[in-house]
Amino acid sequence: MNANSNAEVHYDVINEPGAVPIKHWTRGVPLEDEARRQLQNIAKLPFIHRWVAVMPDVHLGKGATVGSVVPTVGAIVPAAVGVDIGCGMIAVRTTLMAEDLPDQLGEVRAAIEKAVPHGRTVGRGQRDKGAWANPPEASLQRWAGLHEGFDRIIAKHPKLERSNHLSHLGTLGTGNHFVEVCLDEENRVWFMLHSGSRGVGNAIGSHFIELAKQDMRRWMINLPDQDLAYLPEGSEHYDDYVFAVEWAQQFARSNRQIMMQHVVEAVRTVIAKPFQAQAEAVNCHHNYVNREHHFGKDVLVTRKGAVSARKGELGIIPGSMGAKSFIVRGLGNADSFHSCSHGAGRVMSRTEAKKRISLDDHAKATAHVECRKDADVVDESPAAYKSIDAVMAAQSDLVEIVHTLRQVVCVKG
């Protein structure tokens with residue numbers, strides 16, 4: 001039954017024997033068979049609270065489905081969070097207008113690329129271009145507030161000390177992580193970026209996923225998918241993981257704040273006109289765990305590719321390179337556990353996109369954006385993603401649009 005009984009229902013429900021319901025906001029957007037099967041496996045776990053909520057950008061993920069909201073009581077699934085713990089978005093509106101930007105935006109892009117380490121250099125003996133050789137003051141200051149928690153983590157899990165932590169604090173990464181300069185519906189300039197907890201979050205996620213799998217084998221618990229291995233409350237690693245994942249989420253938030261500071265400073269070297277960059281600001285996770293209260297229970301809500309959308313809460317839903325993005329305000333829909341999508345959602349795997357999308361296709365799709373147009377970014381081209389307009393239409397009962405942004409500069413890792 002719809003928790004908002006007087007409201008029109010915008011979702012459909014999958015009911016399977018031995019599983020909680022799956023409420024999915026996918027009208028007008030594809031729900032692939034593999035993702036449906038993965039969701040059905042999640043819904044069979046014995047500690048899911050009420051149902052699984054599925055966002056319109058849903059697609060197959062590792063362990064848990066991207067675009068899923070999984071509320072649990074008494075246990076947590078590390079792979080449902082994944083290894084990009086705390087990945088999310090930050091956006092700020094500046095006091096600049098479109099006419100304040102230079103006619104040629106290559107200089108803006110170059111300044112941002114210089115200020116924010118991005119990408120990755122692979123190979124023994126080489127310095128990774130995506131990490132700091134000498135972390136800047138902003139990173140050192142933030143690490144001062146993070147290192148005590150990290151020391152507590154590595155005291156019990158010493159292998160995590162060898163991860164990239166301070167050297168990645170204030171860096172972008174690779175894949176779908178990006179920095180953008182955007183214009184809103186009134187031609188005001190926004191800066192927006194997408195990243196998470198980088199190497200240290202990956203190490204934490206991978207470590208605890210493996211510990212959960214070991215526990216399942218030791219206790220001879222059969223699962224529909226081994227990546228759904230879980231840590232029961234009260235077990236050896238449960239509290240350690242909850243602490244570590246919350247720490248990684250703090251790291252991720254700080255990471256985005258540092259990068260945004262450096263983006264603002266970089267653009268000021270190109271644009272002489274003085275400007276402020278806190279007119280409006282949003283900083284939200286979309287791969288994370290949060291302690292919340294839903295339908296009479298204190299629960300852990302795992303959002304994998306989903307954003308909190310409590311009533312009045314601001315969030316960010318980015319499109320793909322060259323597509324629109326949105327600043328949204330949550331409507332507090334109880335059926336979705338106060339959640340919305342985190343983006344457009346892939347319709348092609350990276351491998352498939354590289355086979356099917358030509359460089360010419362990518363160049364045409366991003367003609368209006370100052371960005372890379374080489375073979376290494378075609379898997380991020382708009383054709384690899386669902387229509388952001390269709391995704392927004394499917395979740396009109398979850399969020400309302402506050403601002404519509406269009407990219408003019410995009411920096412990819």
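These notes cover the structure that comes with them. (Residues numbered from 1 in each chain as written. Predicted model: local features only at pLDDT ≥ 70, side-chain atom pairs only at ≥ 80, totals over all residues. Heavy atoms only, no water.)

Moving on: the pairing of strand β6 (residues 88-97). Where burial is concerned, most of β6 is hidden: 8 out of the 10 residues are buried. Sheet topology note: the β6/strand β8 (residues 188-195) ladder contains 7 bridges and is antiparallel. Bridge pairing in β8 places V92 opposite F191. Taken together, the 6 bridges between β6 and strand β10 (residues 280-285) define a ladder with antiparallel strand orientation. Each residue of the ladder has a partner; that of R93, found in β10, is E280. (Buried < 20%, exposed > 50% of the residue type's maximum accessible area, 1.4 Å probe, protein only. Helix = DSSP H or I, 4+ residues; strand = E, 2+ residues; numbered from the N terminus. Pairing = 2+ DSSP bridges.)

A few words now on the packing of helix α5 (residues 198-218) against helix α6 (residues 238-270). Running from N to C, α5 and α6 cross one another at 160°; their axes reach a closest spacing of 9 Å. Classified by the angle between their axes, α5 and α6 sit roughly antiparallel to one another. Here α5 and α6 pass one another in a crossing that is left-handed. Here R198, V200, I204 and F208 of α5 come into contact with α6, specifically with D240, Y241, A244, W247, A248, F251 and N255. Residues that form the contact of α5 with α6 fall into these classes: 8 nonpolar, 1 polar and 2 charged. (Axes fitted to C-alpha atoms, helices over the stretch in contact; angles between N-to-C directions. Parallel < 35°, antiparallel > 145°, perpendicular 65-115°, else oblique. Left-handed = near helix turned anticlockwise from the far one by under 90°. Contact = heavy atoms within 4.5 Å. Nonpolar A, V, L, I, M, F, W, Y, C, P; charged D, E, K, R; others polar.)

Estimated volume of the second largest pocket: approximately 240 Å³. T174, G175, D376, D379 and G413 are, among the 13 residues lining the second largest pocket, the residues nearest its centre. Tallied by class, residues from the lining of the second largest pocket come to 1 nonpolar, 4 polar and 8 charged. (1 Å grid on protein atoms, 1.4 Å probe; cavity = no way out; pocket = protein on both sides within 12 Å on 5 of 7 lines; lining within 4 Å. Points joined across faces, edges and corners; volume = space filled by probe spheres on them.)

By the definition in use, this model includes 25 salt bridges. Across the pair E400 and R329 runs a salt bridge, and its minimum N-O distance is 3.1 Å. A residue pair is termed long-range when its members are at least 10 positions apart, and E400 in strand β17 (residues 399-412) and R329 in strand β15 (residues 324-330) qualify at 71 residues. You can call E400 partly exposed: its relative accessible area is 34%. Using a relative accessible area of 32% as the deciding quantity, one classes R329 as partly exposed. (Salt bridge = Lys/Arg side-chain N within 4 Å of Asp/Glu carboxyl O.)

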